[in-house]
Protein chains: 2
Amino acid sequence: MSGLSGADRAPGRLIALDWGTSSLRAWLLDGEGRPLDKRQSPMGILEVPAGDFRTAFETICRDWLAQQPSLPVIASGMIGSRQGWREAPYLRTPANPADLARDLLVMDDVAGRVFRIVPGLTTGGDGMPDVMRGEETQILGTLASGLGSVQGQVIVLPGTHSKWVQIGNGAIVTFRTWMTGELYAVLRQHSILGKLAVPAQAWSADLQSAFEDGVARAVDAAGAFGRLLFSARSRVLVGDLAAEQVSAYLSGLLIGSEIHDAMRLFDAGGAPPLIIAEPELAARYESAFRILGHATRTAPPDAAVRGLFAIARSAALLDAA
Amino acid sequence: MSGLSGADRAPGRLIALDWGTSSLRAWLLDGEGRPLDKRQSPMGILEVPAGDFRTAFETICRDWLAQQPSLPVIASGMIGSRQGWREAPYLRTPANPADLARDLLVMDDVAGRVFRIVPGLTTGGDGMPDVMRGEETQILGTLASGLGSVQGQVIVLPGTHSKWVQIGNGAIVTFRTWMTGELYAVLRQHSILGKLAVPAQAWSADLQSAFEDGVARAVDAAGAFGRLLFSARSRVLVGDLAAEQVSAYLSGLLIGSEIHDAMRLFDAGGAPPLIIAEPELAARYESAFRILGHATRTAPPDAAVRGLFAIARSAALLDAA
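Nothing here was measured: the structure is a model prediction, and the numbers come from that model.

Trainee: I tried to follow the nonpolar core on my own but got confused; where do I start?
Mentor: Side chains of nonpolar character tend, in soluble globular proteins, to be buried together. By size, the foremost hydrophobic cluster in this structure holds 88 residues, and its most contacted members are Trp164(A), Leu187(A), Leu229(A), Trp164(B) and Leu229(B). If sequence neighbours within four positions are ignored, Leu187(A) has contacts with Leu193(A), Gly194(A), Leu229(A), Leu250(A), Met179(B), Leu183(B) and Val186(B).

This is the structure:
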């Protein structure tokens, strides 16, 4: 718990929730979208006891609701998935903030107050459908801050399921998912590649070198990392890679493959790709992009809360209470 | 336990062991390499209690040794790995049966009898080392049966770690590993792709169709399966793939990617690739090759025992006892 005590602060106009699989973040916002207060909890949708989302929500926002019981609420992320509070059907691309605002899932009945969930997006009429849920809000929050609105802008959201997104006319036009972070995790934890790996204490020049080597090899192999993966074992067996470097090398192979493949699909030679990520992961991707000869930009933090506010304003939600 | 009782059969000349991670197969062979008797056990190297390999060996071969205590023994597979009985250092490619025979690891001291282990192979002077252990014996066993000796012949051994091998002058010239089977297993068991998958009872037309679809998409995407993997989830979410088809589709994506990538490296337009695998897996690969427009041949079974015999004869091991 942090922030000003209730007595000292201006009145709030909106509660914004970024409610994912493994965490819940809540902001109390004023009429301009400025955070008045903030809460964070590990109560992701899979951690909510007995699926009692209402109690989880009322607990994290208790102070705010005690002062202003009729604050409207907007939420995005996996809370709107099949495993969440209630499923918010996917909206088809292209989608801009007004489209999302028009299709908010109304949860007022079950939440006992004005409570809306941002729908996820689906794309791909080419027989290769893709989905996102939560990232659409971060992307629109970044656009709302004046970044990335260039026609054809490529936005990259690295992570468990990395999303590559193309922007046009202020809307999300299309996107595609790479399971990079999850592949890394399952290979490290459950495959033979993890058997020889020794955890490193902190990022170092040796690890950066192994990472960059992985990226470069992935590019040389034209992204075909299926045939490179085993080298994270064989190079250790023949004494060509230290056990402490295995994870960084594997990370380089996976991220290098992702960027190589994705740039073939998404790069239209326009503005540098814009990265939305926590600083450490963003730095890893920037470094991989550099090896591939691509400049990048990194979005300012808190894209989610700015997206939630932009959509809520577009839906006239601030006046709804 | 199976086979003729000791009293009824001709005397043996060699015990051959195919001793892998998860199973142990043993044959009693006559002077022409014909099996006189056979044993099979789940006592793979990771299952041997307290690493007492000698007892595990003497148990499975008890009858044979009781009759002929001085039978020579040859073994191949993970028994010669760092986690096995003793490490048999990797031999560099190119390697033919005579090369392997010359470099057998002598285990006579610890085994209390003539006992040799076939070394694994390492390849790749191009900074991308690769290793195999056990497959070299199957390959040479197949060559010994008169198949695959064409110059430039490509041999494929699908599995947990699929091996693609090029043959020249009767030797293994080079090879490369794809972690296809292991990727399939960890993604099915530990990733989000497994969450929506429902096990199917038996292979069916619906599964074959999902498998072929996966192969075709992998080829269309030029093998870049990193960007296709998530479709094994998104297609279910949008109602485009049945939960029972997820595993077959994923299998198609992975095998299709492997074959696409590997044929770019290995196909020299020569003889059809030769597959060494159990019948069910061989059929799956044949079907994927067909979709890609490639004919294949499938090697006869028991390549391992034929390889063990060929190497033992080349090492004059039958006369060693």
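Now that the structure has been shown, we can carry on.
Trainee: Mind showing me how you'd approach unusual backbone geometry here?
Mentor: With glycine set apart, most residues show a phi of negative sign, and most peptide bonds adopt trans. Look at the link from Thr93(A) to Pro94(A): it is a cis peptide, with omega at 0°. When you line up the elements, Pro94(A) lands in the loop between strand 5 (91-92) and helix 3 (97-102). Notably, Ala50(A) is not glycine yet its phi reads approximately 55°, a positive angle. One can find Ala50(A) in the loop between strand 3 (35-41) and helix 1 (53-60). Of note, Ala316(B) is a non-glycine position whose phi angle comes to about 55°, a positive value. Structurally, the position occupied by Ala316(B) is in the segment after helix 11 (303-314). With a relative accessible area of 41%, Ala316(B) lands in the partly exposed category.

Trainee: I tried to follow the sheet that holds strand 10 (residues 154-157) of chain A on my own but got confused; where do I start?
Mentor: Residues and elements named next belong to chain A. With respect to topology, five strands assemble into an open sheet ordered 12-11-10-13-14, the strand pairing being mixed. The strands lining the two open edges of the sheet, one partner per strand, are strand 12 (171-178) and strand 14 (297-298). Strand direction decides the pairing type here: strand 13 (residues 274-275) and strand 14, joined by two bridges, are parallel. Note that in strand 14 the partner of Leu 274 across the bridge is Arg 297. The strands touched by helix 5 (residues 135-144) within the sheet are strand 10, strand 11 (162-168), strand 12 and strand 13, with strand 10 carrying the most contacts at an inclination of about 130°.

Trainee: Is there a simple way to think about the interface of chain B and chain A in this case?
Mentor: One widely used convention gives an interface's size as the accessible area the parts lose upon coming together. Tallying the contact residues gives 45 residues for chain B and 44 residues for chain A. Buried area between chain B and chain A, summed over both chains or domains, comes out near 3,700 Å², and the portion from carbon and sulfur atoms is 68%. Its largest share of buried area at the contact with chain A, chain B owes to Met179(B), Arg227(B) and Phe230(B), together 18% of the area lost on that side. Where chain B packs against chain A, one counts zero salt bridges. At the boundary of chain B and chain A, one finds five residue pairs in polar contact (both at pLDDT 80 or more). Those elements giving two or more residues to the side of chain B that touches chain A turn out to be strand 9 (130-132), strand 12 (171-178), helix 6 (180-190), helix 8 (231-237) and helix 9 (246-266) of chain B.

Trainee: It is not clear to me how the sheet that holds strand 6 (residues 105-106) of chain B should be interpreted in this structure. Could you clarify?
Mentor: Hydrogen bonds between backbone atoms are what pair the strands of a sheet, whose relative direction is either parallel or antiparallel. All names here are of chain B. Pairing within the open sheet is mixed, and its six strands lie in the order 3-2-1-4-7-6. Across the chains shown, the open sheet's two edge strands, defined by having one partner strand only, are strand 3 (35-41) and strand 6. Judged from the six bridges that link them, strand 2 (residues 24-29) and strand 3 form a sheet pairing that is antiparallel. Bridging from a neighbouring strand, Leu 24 pairs with Ser 41 of strand 3. Across the sheet, helix 11 is in contact with strand 1 (14-19), strand 2 and strand 4 (73-76); its angle to strand 1 comes to roughly 130°.

About the thresholds
- Residues numbered from 1 in each chain as written.
- Chains lettered and ligands numbered in written order.
- Predicted model: local features only at pLDDT ≥ 70, side-chain atom pairs only at ≥ 80, totals over all residues.
- Heavy atoms only, no water.
- Core = buried A, V, L, I, M, F, W, Y, C linked by side-chain atoms within 4.5 Å.
- Buried < 20%, exposed > 50% of the residue type's maximum accessible area, 1.4 Å probe, protein only.
- Contact = heavy atoms within 4.5 Å.
- Helix = DSSP H or I, 4+ residues; strand = E, 2+ residues; numbered from the N terminus.
- Pairing = 2+ DSSP bridges.
- Axes fitted to C-alpha atoms, helices over the stretch in contact; angles between N-to-C directions.
- Buried area = accessible area lost by both parts, 1.4 Å probe.
- Salt bridge = Lys/Arg side-chain N within 4 Å of Asp/Glu carboxyl O.
- Polar contact = N/O pair within 3.5 Å; in protein donor to acceptor, adjacent residues only side chain to side chain.

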